[in-house]
Amino acid sequence: MKNSVYALLALSCMLIFNHKVSAQQSRNDEIIKAVTDYFLLERENIHAHFDKNVFMTNEKIWFKGYVFHRKKNAPFFTTVNIYASLIDSDGKIIETKLLYGNIGSFAGSFNLGSSFKSGKYYIQFYTNWMNNFIEDESSVYEIAVVNPETGSGNALAKADPSKINIELNPEGGKLLSGINNNIGIHVTDCNGNALPVTSADIIDSSGKTIKTVQLNKLGYGKFELLSGETSGYKAIVTVDDKKYEQSLPQSQLKGIALEVNNYAVADKTIIKVKTNKTTIDLYGTKPLYMLIHQDDKATSIELTLNDKNLEQTIVNPNTDIANGMNTIRILDSDLIQLAERIFFKYPEAMLNTELNTGTTSADKLQYKGKINYPNMNISISVLPENTISFDDTNDIYGSFMLLPYLETQKKASGRHYFTTLSKGKMYELDLYLMSQRSKYKWNDILQNPPKSNYTFDMGVTLKGTVPGTTDTKFGKVRLYSLTSGIDETTEVNDKREFYFNNLIIPDSSYVNFTLLKKGSQPKELTLAPQILNVNRKFNKPFKPQPQYYDSLSQETTITNPNIFKEFTELEEVKIEGSALKYANSFGNGDLHGYKITDEKANMYFNLLNFIKTYGGFWIDEHDGQLKIYTRTVNSINGAQAGPIIYMDGVQLVDYSMLTLIQMGDVDEIYMSSTAIVPSVRNYQGVIKIYLKKGARPNKKGGAPEIIVKNSFEKVMPFQNVTYNTVDDKGFENFGIVDWEPTIMTNENGEFQFTIPKMSSKPLKVLIEGFSADGKLISEVKTINTK
């Protein structure tokens, strides 16, 4: 009997223990599921590399964009439709463009003009898919515009010196009474920019200085405050002999404090979870949980805090932590968040670039580069060495490694932390993160997982209606665009409507529509097509924060660059002689370029004759079909190879359209019959044709041509303004030497670029980009031009 009682007691204890373990595991599973569900949908991040960040109104704003896949840490190859909105300082959208994303990157520009006022402007990049999320996943960049006719105004004005910001952030989010607390401090001017201040004093209620906190050059620091009452405590900062103060946050009677250190011990992250007796008494025996996650990569454990153990230290091997940004959350048994801390698993290596001088000529300088990684997609901006038009707080490291996880749209200088990897920079990065909060709120993660209510657009949808009373049953409509390289067919529905989905068509393209029916002659159609999905609005439009300026600095006179003519006028200027304006466009450097003068146009009325004579290609017109071949056989089966042909940057799929082009409509041609084209098809040789502005091939048979508006922005080759002089302060501060938006390195990481020889002074080169598997690079180099 006695043994039976013991057995029953033992069984009862075991059941209670198993129930407790099961409940704990169930809670951990619930936490992990909430995180996994919330980050189930893929998220895009966008970085934009600008040619510079201060513009005269007679210049263009040029940019190259990169789209990143958060889950895969790689380019987002399937992102196609990207929007860019130019916004003024009041939050008014001036213009929005639809940009074409091609295997993870895009390019574009905005025109300015004399109607623009001097001041701050913003460019917001987004996709329709981003509308699915509570958080703002768009990217916003600040630029300055100067109207030379009216002065610089707020564009270059200094912040109001009568105000500064002093932020105090207890580690974990709460200053807890009865324990020692770490507090982060961040000091900036009133517009969020770093100040030349190196320390801050912490004073108690009697005015006695109890600590002096060292600040880094970005204004970040931290200090430990011993347990006790903080009423009357202040942080004091002195700038230009003037003192500014900020009260410390009030200590709380209950809560959780955190202390994270991932820089002191190699390959370890040490997390201290601290509380006080009041908090333990409140929760009793109810468990607390610690969640560590980066998006859906998550782990959750139960903590062992109690009245005899008010502090718990967890040592995590870094192999158990996701690379990059991570968030720690402390949750109670009801899954209410009590504390939060962001930290970063620091990289072991970053990419770097070597630049060396190549061949030079009277008017050009060539540079050869090498990145220690293959097949990079990069962009390069070349500016005067002492330019003030370079934004050192905007880079691809900050855009992809830091800002996507942070609560505010503040800038982040990723190069400051990642260009030179060291324990010192790791510590500085942790100072920065100690003063940040996660963009992803726990209540939203727990209660509001996103739904895919907005589509992931890949191209545009063109809708049309067949006019008249023609029978359309079993009919199809052919969409044909010679200049855009489009030849597609689709069915007509019972309402006489037809749709072309996932269409990649440049803005202002000329197209033809033809009704096709078996047994009937094709009928050309005149109709007004609609583009259905090009005006996607963003449900979180950017609203600039008020900025405050020094009134005296607004009146400061600056030396503007001495620009010959406004850019818009320059586009209309006819280039005489043999000057080639597309010579520096991507891929043209290794081709033979020809300017089609009136003399050449009269000599070679037919474009095909010119290609045959100058390009070294065979032309075969037989049975109404046109074929173009190179004069060598390079394929393994002996098949005749042909060139890849582009017209105004668009690859042609139907070469017969070349028979419609008059030489008088051609501006420039670039050709090489020996150029190797990486492709699964049997391409050898390249032909690139650029038509004169407004020109287009003649129509066959008088077929009506229709213009399609409001589609993808055409990518134009970079064309610099013309400077009367490059030896003055205006060019040194605001000029640009060259902009190369699309450079691909080879399998050895090698690349080259050519810039105009404009000055003998050193130049600043900004290189940014990524590889196909997500390796990032952002470097600033100085090159000599002598």
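Whatever comes next refers back to the structure up there.
Since we're looking at a predicted model, the values are computed, not measured.

J.: Hey, could you run me through the sheet that holds strand β44 (residues 763-771) in this one?
T.: The strands that make up a sheet are held in pairs by hydrogen bonds between backbone atoms, and each pair lies either parallel or antiparallel. Read across the open sheet, the four strands follow the order β42-β26-β44-β45; overall the sheet is antiparallel. Of all strands in the sheet, those with a lone pairing partner are β42 (738-744) and β45 (776-783), marking the two edges. Averaged over neighbouring strand pairs, the angle between their axes works out to 15° when direction is ignored. In the sheet, strand β26 (residues 376-384) pairs with β42 via five bridges, with the strands oriented antiparallel. From the neighbouring strand, Ile 380 faces β42, where its bridge partner is Glu 740.

J.: Any chance you could explain the side chain of Ser 399 here in plain terms?
T.: You can see Ser 399 is positioned in helix α3 (residues 396-402). Look at Ser 399 and you get buried, because its relative accessible area is 9%. Aside from chain neighbours lying at most four places away, what touches Ser 399 is Ile 46, His 47, Tyr 141, Asn 394 and Pro 404.

J.: When you look at the sheet that holds strand β23 (residues 337-345) in this model, what are you seeing that I'm missing?
T.: Spatially, β20-β19-β22-β23 is the arrangement adopted by the four strands of the open sheet, whose pairing is antiparallel. Taken across any chain shown, the strands that pair with only one partner, and hence form the sheet edges, are β20 (297-302) and β23. Neighbouring strand axes in the sheet, compared pairwise and without regard to direction, differ in orientation by 15° on average. Here strand β22 (residues 324-331) runs beside β23; their pairing, made up of eight bridges, is antiparallel. Following the sheet pairing, Leu 331 is matched in β23 by Gln 337. Helix-sheet contacts for helix α5 (residues 423-434) involve β22 and β23, and the interaxial angle to β23 is about 150°.

J.: Help me understand the pattern of salt bridges, please; the structure alone is not making it clear to me.
T.: Oppositely charged side chains may form a pair once their charged atoms are brought near each other. Across all of its chains, the model carries 33 salt bridges by this definition. Here Asp 391 and Lys 411 are joined by a salt bridge, their closest N and O atoms 3.7 Å apart. Within this pair, whereas Asp 391 is found in the loop between β26 and α3, its partner Lys 411 is found in the loop between α3 and α4 (414-418), the two being separated by 20 residues in sequence. Residue Lys 411 is classed as partly exposed on the basis of its relative accessible area of 39%. Here Glu 497 and Lys 463 are joined by a salt bridge, their closest N and O atoms 3.7 Å apart. One end of the pair, Glu 497, is in strand β30 (residues 497-503); the other, Lys 463, is in strand β27 (residues 460-465), and 34 residues separate them in sequence. Each member of the pair, Glu 497 as well as Lys 463, is classed as buried. Several salt bridges converge on common partners, so that one network encompasses Arg 43, Arg 70, Glu 135, Glu 137, Asp 295 and Lys 439.

J.: Looking at this model, I keep getting lost on the nonpolar core. Mind explaining?
T.: One broad trend across soluble globular proteins is that nonpolar side chains are buried collectively. In this structure, Ile 123, Phe 125, Val 477 and Phe 513 are the most contacted members of the largest nonpolar core, which totals 49 residues. Aside from chain neighbours lying at most four places away, what touches Phe 513 is Leu 462, Val 477, Arg 478, Leu 479, Phe 498, Phe 500, Lys 523, Glu 524, Leu 525, Leu 527, Pro 529 and Ile 706. Met 325, Phe 344, Tyr 397 and Trp 442 belong to the second largest nonpolar core, which has 38 residues in total.

J.: Which parts of the structure should I look at to understand the pairing of strand β9 (residues 139-146)?
T.: In the case of a regular strand, side chains alternate between the two sheet surfaces. A large share of β9 lies buried, amounting to seven of its eight residues. Judged from the three bridges that link them, strand β2 (residues 54-56) and β9 form a sheet pairing that is parallel. Bridge pairing in β9 links Met 56 to Val 146. When strand β8 (residues 119-126) meets β9, the two strands line up antiparallel, connected through seven bridges. Within β9, the position partnered with Gln 124 by the bridge is Val 140.

J.: Sorry if this is basic, but what is going on with the environment of Glu 167 here?
T.: Among the structural elements, Glu 167 can be located in strand β10 (residues 164-170). Each C-alpha atom, one on Glu 167 and one on Ile 185, is 5.6 Å from the other, the two residues being 18 residues apart in sequence. Not counting residues up to four positions away in its chain, the partners in contact with Glu 167 are Gly 184, Ile 185, His 186 and Lys 410.

J.: Is there a simple way to explain unusual backbone geometry in this structure?
T.: Backbone geometry follows two general trends: most residues other than glycine have a negative phi, and most peptide bonds adopt the trans configuration. One non-glycine residue, Asp 267, lies in positive phi territory at about 60°. Mapped onto the elements, Asp 267 comes out in the loop between β17 (257-261) and β18 (268-274). Judged by its relative accessible area of 53%, Asp 267 is exposed. With a phi close to 70°, Arg 496 is a non-glycine residue in the positive phi region. In this structure, Arg 496 sits in the loop between β29 (486-491) and β30.

Conventions used here
- Residues numbered from 1 in each chain as written.
- Predicted model: local features only at pLDDT ≥ 70, side-chain atom pairs only at ≥ 80, totals over all residues.
- Heavy atoms only, no water.
- Pairing = 2+ DSSP bridges.
- Helix = DSSP H or I, 4+ residues; strand = E, 2+ residues; numbered from the N terminus.
- Axes fitted to C-alpha atoms, helices over the stretch in contact; angles between N-to-C directions.
- Buried < 20%, exposed > 50% of the residue type's maximum accessible area, 1.4 Å probe, protein only.
- Contact = heavy atoms within 4.5 Å.
- Salt bridge = Lys/Arg side-chain N within 4 Å of Asp/Glu carboxyl O.
- Core = buried A, V, L, I, M, F, W, Y, C linked by side-chain atoms within 4.5 Å.

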